[in-house]
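Chain by chain, the residues run as shown.
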Amino acid sequence: MIDIAIPSFGDKSSIAICQRYGFIRRGKVTDGARFDGRMLRDVVTRDNTASDAWADTAYRSRANEAWFKAMGRVSPIHRKKPRGKPMSPRTAGANAKRSAVRARIEHVFARQKDQMGLFIRTIGIARAEVKVTLANLAYNIDRLIFHERRAAMG
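Residues numbered from 1 in each chain as written. Predicted model: local features only at pLDDT ≥ 70, side-chain atom pairs only at ≥ 80, totals over all residues. Heavy atoms only, no water.

(A) Geometry of helix H4 (residues 125-153). Helix length check: H4 (29 residues) gives 42 Å between terminal C-alpha atoms against 42 Å at 1.5 Å per residue, within 8%. Within the sequence span of H4, burial applies to Ala128, Val132, Ala135, Asn136, Tyr139, Asn140, Arg143 and His147. Looking at the buried positions of H4, the neighbouring elements they touch are strand S1 (11-17), strand S2 (24-31) and helix H3 (89-115). Positive phi shows up at Gly154, right after H4, with a value of about 120 degrees. (Helix = DSSP H or I, 4+ residues; strand = E, 2+ residues; numbered from the N terminus. Expected span 1.5 Å × (residues − 1). Buried < 20%, exposed > 50% of the residue type's maximum accessible area, 1.4 Å probe, protein only. Contact = heavy atoms within 4.5 Å.)

(B) Just the environment of Arg41, in detail. Position of Arg41 relative to the elements: it lies in helix H1 (residues 40-43). For the pair Arg41 and Trp67, spaced 26 residues apart in the sequence, the C-alpha separation amounts to 8.6 Å. Excluding residues that lie within four positions of it along the chain, Arg41 makes contacts with Ala63, Asn64 and Trp67.

(C) Here's a closer look at a nonpolar patch on the surface. Judged by side-chain polarity, Val130, Leu134 and Leu137 come together as a nonpolar surface patch covering roughly 290 Å² of accessible area. Secondary-structure assignment places Leu134 in helix H4. (Patch = residues over 30% accessible without salt bridge, like charges linked within 9 Å, V, L, I, M, F, W, Y side chains within 5 Å. Areas by Shrake-Rupley, 256 points an atom, 1.4 Å probe, with all protein chains shown as cover. Salt bridge = Lys/Arg side-chain N within 4 Å of Asp/Glu carboxyl O.)

(D) Expanded view of H3. Between its terminal C-alpha atoms H3 stretches 36 Å, which fits the 39 Å expected from 27 residues at 1.5 Å a residue. Maximum bend of H3: about 40 degrees, positioned at Val101. Considered for burial, the residues of H3 that qualify are Asn95, Arg98, Arg102, Ile105, Val108 and Gln112. Residues of H3 that are buried sit in contact with S1, S2 and H4. The first or second residue beyond H3 is Gly117, which carries a positive phi of 70 degrees. (Bend = angle between axes of the 7 residues up to and from the residue.)

Below you can see the structure in the form of C-alpha coordinates.
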(Lines give C-alpha, C1' and ligand atoms only; values in the text may rest on other atoms or scores of the structure.)
Protein backbone atom coordinates (compact mmCIF):
# COMPACT_ATOMS: atom_id res chain seq x y z
CA MET A 1 0.00 0.00 0.00
CA ILE A 2 1.24 3.48 -0.83
CA ASP A 3 1.02 5.83 2.15
CA ILE A 4 0.57 8.90 -0.02
CA ALA A 5 -2.73 7.55 -1.38
CA ILE A 6 -4.35 7.65 2.09
CA PRO A 7 -5.99 11.04 2.65
CA SER A 8 -5.30 12.01 6.21
CA PHE A 9 -5.16 15.04 8.41
CA GLY A 10 -3.18 14.12 11.47
CA ASP A 11 -2.23 10.96 13.22
CA LYS A 12 -3.88 8.68 15.76
CA SER A 13 -2.32 7.14 18.80
CA SER A 14 -3.86 3.98 20.25
CA ILE A 15 -2.50 2.77 23.58
CA ALA A 16 -3.02 0.09 26.18
CA ILE A 17 -2.23 0.95 29.79
CA CYS A 18 -1.76 -1.02 32.97
CA GLN A 19 -5.02 -0.60 34.85
CA ARG A 20 -3.37 -0.71 38.27
CA TYR A 21 -0.40 1.63 37.82
CA GLY A 22 -1.24 3.56 34.65
CA PHE A 23 1.91 2.72 32.66
CA ILE A 24 1.58 2.60 28.88
CA ARG A 25 2.08 -1.06 27.97
CA ARG A 26 1.73 -0.88 24.22
CA GLY A 27 1.10 1.79 21.60
CA LYS A 28 0.40 2.11 17.91
CA VAL A 29 0.52 5.24 15.74
CA THR A 30 -1.44 5.38 12.50
CA ASP A 31 -2.65 7.97 10.04
CA GLY A 32 -5.80 9.88 10.96
CA ALA A 33 -7.91 8.16 8.30
CA ARG A 34 -7.45 4.68 9.80
CA PHE A 35 -10.46 3.05 11.49
CA ASP A 36 -9.93 2.83 15.27
CA GLY A 37 -11.34 -0.68 15.52
CA ARG A 38 -8.50 -2.10 13.46
CA MET A 39 -5.97 -0.99 16.08
CA LEU A 40 -7.47 -3.05 18.90
CA ARG A 41 -5.48 -6.18 18.08
CA ASP A 42 -2.25 -4.18 17.93
CA VAL A 43 -2.55 -2.83 21.47
CA VAL A 44 -4.44 -5.59 23.33
CA THR A 45 -2.32 -8.72 23.42
CA ARG A 46 -2.50 -12.14 25.04
CA ASP A 47 0.25 -11.26 27.53
CA ASN A 48 -1.91 -8.52 29.02
CA THR A 49 -2.95 -9.77 32.45
CA ALA A 50 -6.27 -7.92 32.56
CA SER A 51 -9.28 -9.85 31.31
CA ASP A 52 -11.07 -6.79 30.01
CA ALA A 53 -10.36 -4.12 27.42
CA TRP A 54 -12.05 -0.80 28.07
CA ALA A 55 -12.58 1.15 24.85
CA ASP A 56 -14.99 3.58 23.27
CA THR A 57 -17.62 2.79 20.65
CA ALA A 58 -15.18 3.19 17.75
CA TYR A 59 -13.65 -0.17 18.72
CA ARG A 60 -16.94 -2.11 18.73
CA SER A 61 -17.38 -4.33 15.70
CA ARG A 62 -18.51 -7.89 15.05
CA ALA A 63 -14.95 -8.89 14.21
CA ASN A 64 -13.57 -7.44 17.47
CA GLU A 65 -16.36 -9.03 19.53
CA ALA A 66 -15.61 -12.42 17.93
CA TRP A 67 -11.90 -11.92 18.58
CA PHE A 68 -12.57 -11.18 22.26
CA LYS A 69 -14.74 -14.27 22.54
CA ALA A 70 -12.09 -16.46 20.88
CA MET A 71 -9.49 -15.16 23.36
CA GLY A 72 -11.82 -15.89 26.28
CA ARG A 73 -12.01 -12.22 27.25
CA VAL A 74 -14.86 -10.02 28.36
CA SER A 75 -15.67 -7.08 26.07
CA PRO A 76 -16.87 -4.05 28.04
CA ILE A 77 -16.66 -1.75 25.02
CA HIS A 78 -19.17 1.09 25.01
CA ARG A 79 -22.49 0.50 23.25
CA LYS A 80 -23.56 2.80 20.46
CA LYS A 81 -26.77 4.80 20.57
CA PRO A 82 -29.38 3.32 18.20
CA ARG A 83 -29.77 5.49 15.11
CA GLY A 84 -32.85 7.69 15.36
CA LYS A 85 -33.83 6.40 18.81
CA PRO A 86 -32.92 7.42 22.34
CA MET A 87 -30.45 5.26 24.23
CA SER A 88 -32.08 3.03 26.79
CA PRO A 89 -31.46 4.01 30.43
CA ARG A 90 -29.89 0.60 31.08
CA THR A 91 -27.37 1.03 28.25
CA ALA A 92 -26.66 4.63 29.26
CA GLY A 93 -25.97 3.52 32.83
CA ALA A 94 -23.69 0.72 31.66
CA ASN A 95 -21.78 3.16 29.44
CA ALA A 96 -21.41 5.56 32.39
CA LYS A 97 -19.83 2.79 34.50
CA ARG A 98 -17.50 1.90 31.64
CA SER A 99 -16.53 5.56 31.25
CA ALA A 100 -15.36 5.74 34.85
CA VAL A 101 -12.75 3.05 34.12
CA ARG A 102 -11.94 4.18 30.59
CA ALA A 103 -11.24 7.73 31.73
CA ARG A 104 -7.72 6.63 32.76
CA ILE A 105 -6.78 6.28 29.10
CA GLU A 106 -8.15 9.72 28.30
CA HIS A 107 -6.10 11.15 31.20
CA VAL A 108 -2.94 9.83 29.54
CA PHE A 109 -3.77 11.66 26.30
CA ALA A 110 -4.74 14.82 28.17
CA ARG A 111 -1.49 14.78 30.13
CA GLN A 112 0.57 14.34 26.98
CA LYS A 113 -1.26 17.11 25.17
CA ASP A 114 -1.60 19.71 27.91
CA GLN A 115 1.15 19.25 30.48
CA MET A 116 3.78 17.69 28.23
CA GLY A 117 2.94 19.99 25.30
CA LEU A 118 2.70 17.20 22.72
CA PHE A 119 1.94 18.72 19.34
CA ILE A 120 2.80 16.77 16.24
CA ARG A 121 3.49 18.52 12.98
CA THR A 122 5.56 16.22 10.83
CA ILE A 123 5.71 14.94 7.30
CA GLY A 124 5.47 11.16 7.29
CA ILE A 125 4.09 8.61 9.69
CA ALA A 126 7.57 7.45 10.79
CA ARG A 127 8.45 10.85 12.26
CA ALA A 128 5.07 11.10 13.97
CA GLU A 129 5.55 7.61 15.40
CA VAL A 130 8.93 8.61 16.85
CA LYS A 131 7.47 11.70 18.53
CA VAL A 132 4.52 9.78 20.01
CA THR A 133 6.76 6.91 21.17
CA LEU A 134 9.10 9.36 22.91
CA ALA A 135 6.09 11.05 24.55
CA ASN A 136 4.88 7.62 25.72
CA LEU A 137 8.30 6.86 27.20
CA ALA A 138 8.42 10.25 28.93
CA TYR A 139 4.93 9.61 30.34
CA ASN A 140 6.03 6.22 31.70
CA ILE A 141 9.10 7.78 33.33
CA ASP A 142 6.84 10.40 34.92
CA ARG A 143 4.52 7.65 36.22
CA LEU A 144 7.51 5.76 37.63
CA ILE A 145 8.70 8.87 39.49
CA PHE A 146 5.15 9.36 40.83
CA HIS A 147 4.99 5.79 42.16
CA GLU A 148 8.53 5.93 43.58
CA ARG A 149 7.74 9.13 45.50
CA ARG A 150 4.48 7.67 46.71
CA ALA A 151 6.23 4.53 47.98
CA ALA A 152 8.95 6.59 49.70
CA MET A 153 6.37 8.67 51.58
CA GLY A 154 4.72 5.62 53.03
